[in-house]
Structure formats: structure tokens, C-alpha cells
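The residues making up each chain are set out below.
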Amino acid sequence: MTKINLFSAVLDCLMCDDLSQKVQLLDKLLFNWSERNFVFEPLNSIMRIADPGRPAKPELVPPKALPRRGIGSPEGHAALMHSIAHIEFNAINLALDAIYRFQAMPYNYYQDWLGVAGEEAYHFQLIREHLDQLGYDYGDFPAHNGLWLTTYETDHDVLVRMAMVPRTLEARGLDVTPAMIKKLRAIGDRRGVEILKILLRDEIGHVAVGTRWYRYVCVQRGLNPFDEFQRLLGLYFHGNIRGPFNYDARREAGFSEQEIEWLRSLEQQTFERVS
Ligand SMILES: [Fe+2]
């Protein structure tokens, strides 16, 4: 069989804007990976991607324009699930972009990110099915594009990407998921609780993938991973890093004790500001 170029196959999936076709293309990628059908020939040019493949709906709006709904109403409950579906959908594109864009990484880097893309698609489907049970579908609520904006801003350097997307934005998911689980439990959504537990477990692995390759590039460039992380956050993070943090999950995801201590000091400062 003729070998397939991994990067162009990943680009096709990344740009695909049809939900079911995208999932099919991703299944094909995973199959061809397991059959070792790929070659890793860098492409002649790598595009910047302001707008990756996604369905026409949800409508994208600025974060502040999203209505705040309590989870107590059926609509608020569905809106929470929808926002998670949107994150999971975006996460498929984030993982694919990490492959397409950085074409000189080791074999295991591509294996890791393709595995992440597959798990994100699984998460998306779990949430979408649950949303269906609640009487809604992906696209029924507006959503914001924050995750992709940071992805776009960090497309020039794999080190910056690993620091800011998996280790910052996705790591935030580890912090906020336990509170969401509590809320769902309080309204008796047992399936929702079950799904979020699966997501939390898998997301630890995804942040760990980010940490693994962040560290790899630091070693290659002779950088101190702790100092460099602080420097990159200063340059690329909009706003304040805020707690509370999920220290256990972050430890499992490869955050060093030095980083954990630093997060603890930030949480303390946040606490002092509000008290
Ligand atoms: Fe996920």
C-alpha cells in the first residue's frame, strides 16, 4: 500500500467542518496509525489557521456576551453540557493542530497527540449523547472561541504551544471539573457525573502529554522549565492565573513540586485579594 503523508491527512481532518465526517476522518487516521501507513515528510508550507473546520453552529460570541445561567433550570443544565461539548470539540482541533503544525518532532509526539485527538472525539460524543437526552444538540447555544485564539497565537513555536494550551488552558479544566461534578450531583444528574469523571481522568493524561513535550523541548534548548514557564505565561496569558487549583490532578499531570508551590502562592494571593 502507498504510504500516506501524516501531516496532510491530519490537515484534512482539522479543516473538515462536518461533525460526522470529521469523526470518520479521525477514525481513519487512528486506523492508519495503527497499521503504520504514514510517512512523516514535512509539507512545503504550513498555513496559519485562524478558523479551523467546525460546523456553522454554534455561533461564536465574545465570552462576555454568553448569558450566565444557573444549572438549576433545564436550560441552564443543558447550557453547561453544551459548553463542555464545545471545549471537547475544540480539543479535537487543538490536538490535530499540534500535529499538523510542528513537523519536526519525534514519532512519539505524533502518537501522543493522535491518541489525545481520539479521546477528545470520544468525550465529545459522550457529551453530545447526554445533551441529546436533555433535549438539545451541539450548536443550540452560542459559544466562545477563547481556546482557539490562544492556539492561533501560539502557532509559531511548539514550546509556547505546549506551555499555553495543554499546560495552562487545558490544565484549568482539571481545576474546575470537580466543582462541576458537585453541581451535577446536587441536581441528580448521575450520567453527567459519570461522564465528567471520565473526562477528568483522561484530561490528566492530556495535560501530562503537554508536560512531557514541553520538558522535551526545554531540554533540547537548554532552558530551565520552571523559569521558562513563568516567562511564557507573562508573555501570552491574558489576565491573572487564578485558583483554586486541583493540586493532585496537576501533580499527576506532571507539574513539578516547584510549580505546585508557586500555584499555592498564587492561590494565597487570590485569597488575600478577596478577603
Ligand atoms: Fe477532553
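Preceding this section is the structure that the text describes.
What counts, and at which threshold
Residues numbered from 1 in each chain as written. Predicted model: local features only at pLDDT ≥ 70, side-chain atom pairs only at ≥ 80, totals over all residues. Heavy atoms only, no water. Donors = N, O, S within 2.8 Å, 3.2 Å for Na, K, Ca; no water. Tetrahedral: all angles 85-135°; square planar, octahedral: opposite > 155°, others 65-115°. Buried < 20%, exposed > 50% of the residue type's maximum accessible area, 1.4 Å probe, protein only. Salt bridge = Lys/Arg side-chain N within 4 Å of Asp/Glu carboxyl O. Helix = DSSP H or I, 4+ residues; strand = E, 2+ residues; numbered from the N terminus. Contact = heavy atoms within 4.5 Å. Expected span 1.5 Å × (residues − 1). 1 Å grid on protein atoms, 1.4 Å probe; cavity = no way out; pocket = protein on both sides within 12 Å on 5 of 7 lines; lining within 4 Å. Points joined across faces, edges and corners; volume = space filled by probe spheres on them. Nonpolar A, V, L, I, M, F, W, Y, C, P; charged D, E, K, R; others polar.

To continue, consider the coordination of the iron ion. The iron ion binds to the protein through Glu 88 (OE), Glu 120 (OE), His 123 (ND1) and Glu 203 (OE), with metal-donor distances spanning 1.8 to 2.4 Å. Given four donor atoms and angles of 91 to 136° at the metal, the environment of the iron ion is assigned as irregular. By relative accessible area, which is 0% here, His 123 ends up buried.

On to the pattern of salt bridges. Within this structure, the stated rule accounts for 18 salt bridges. A salt bridge links Asp 97 to Arg 161; the nearest nitrogen and oxygen atoms lie 2.9 Å apart. Of the two residues, Asp 97 sits in helix H3 (residues 74-101) while Arg 161 sits in helix H6 (residues 158-186), which places them 64 residues apart along the sequence. Both residues of the pair, Asp 97 and Arg 161, belong to the buried class. Put simply, Glu 194 and Arg 191 hold a salt bridge, and the shortest N to O gap is 2.6 Å. Of this pair, Glu 194 and Arg 191 both sit in helix H7 (residues 190-221), three residues apart, roughly one helical turn. Looking at Arg 191, the relative accessible area reads 36%, which means it is partly exposed. Via salt bridges that share partners, Asp 97, Arg 101 and Arg 161 belong to a single interconnected network.

With that out of the way, let us pick up unusual backbone geometry. In this structure, Pro 58 follows Lys 57 across a cis peptide bond, with omega equal to 10°. Following the sequence through the fold, Pro 58 ends up in the loop between strand S2 (38-39) and H3. Residue Pro 244 follows Gly 243 across a cis peptide bond; omega there is -5°. The topology assignment puts Pro 244 in the loop between helix H8 (225-236) and helix H9 (247-252). Of note, the phi angle at Arg 36 is positive, near 55°, even though the residue is not glycine.

On to the side chain of Thr 150, then. Along the chain, the position of Thr 150 falls in helix H5 (residues 146-153). Overall, Thr 150 belongs to the buried group, its relative accessible area being 10%. Those residues within four positions of Thr 150 in sequence are excluded, and the remaining contacts are Met 164, Val 165 and Leu 169.

Attention shifts here to helix H2 (residues 19-34). Over its 16 residues, H2 runs 23 Å from end to end, which matches the ideal 22 Å to within 8%, given 1.5 Å per residue. Three or more residues of H2 are buried, namely Leu 19, Lys 22, Val 23, Leu 26, Leu 29, Asn 32 and Trp 33. Next to the buried residues of H2 lie strand S1 (4-5), helix H1 (6-15), S2, H3 and helix H4 (107-133). Once H2 finishes, Arg 36 follows within two positions and takes phi at roughly 55°, a positive value.

All told, the structure shown has one cavity of 30 Å³ or more when counted by the stated rule. The space that makes up the largest cavity amounts to roughly 40 Å³. Leu 94, Ala 98, Trp 113, Arg 161, Met 162, Val 165, Pro 166 and Glu 170 together form the lining of the largest cavity. Those elements giving two or more residues to the lining of the largest cavity turn out to be H3 and H6. Here the lining of the largest cavity takes five residues from H6, the largest share from any one element. Grouping the amino acids of the lining of the largest cavity by side-chain chemistry returns six nonpolar, no polar and two charged.

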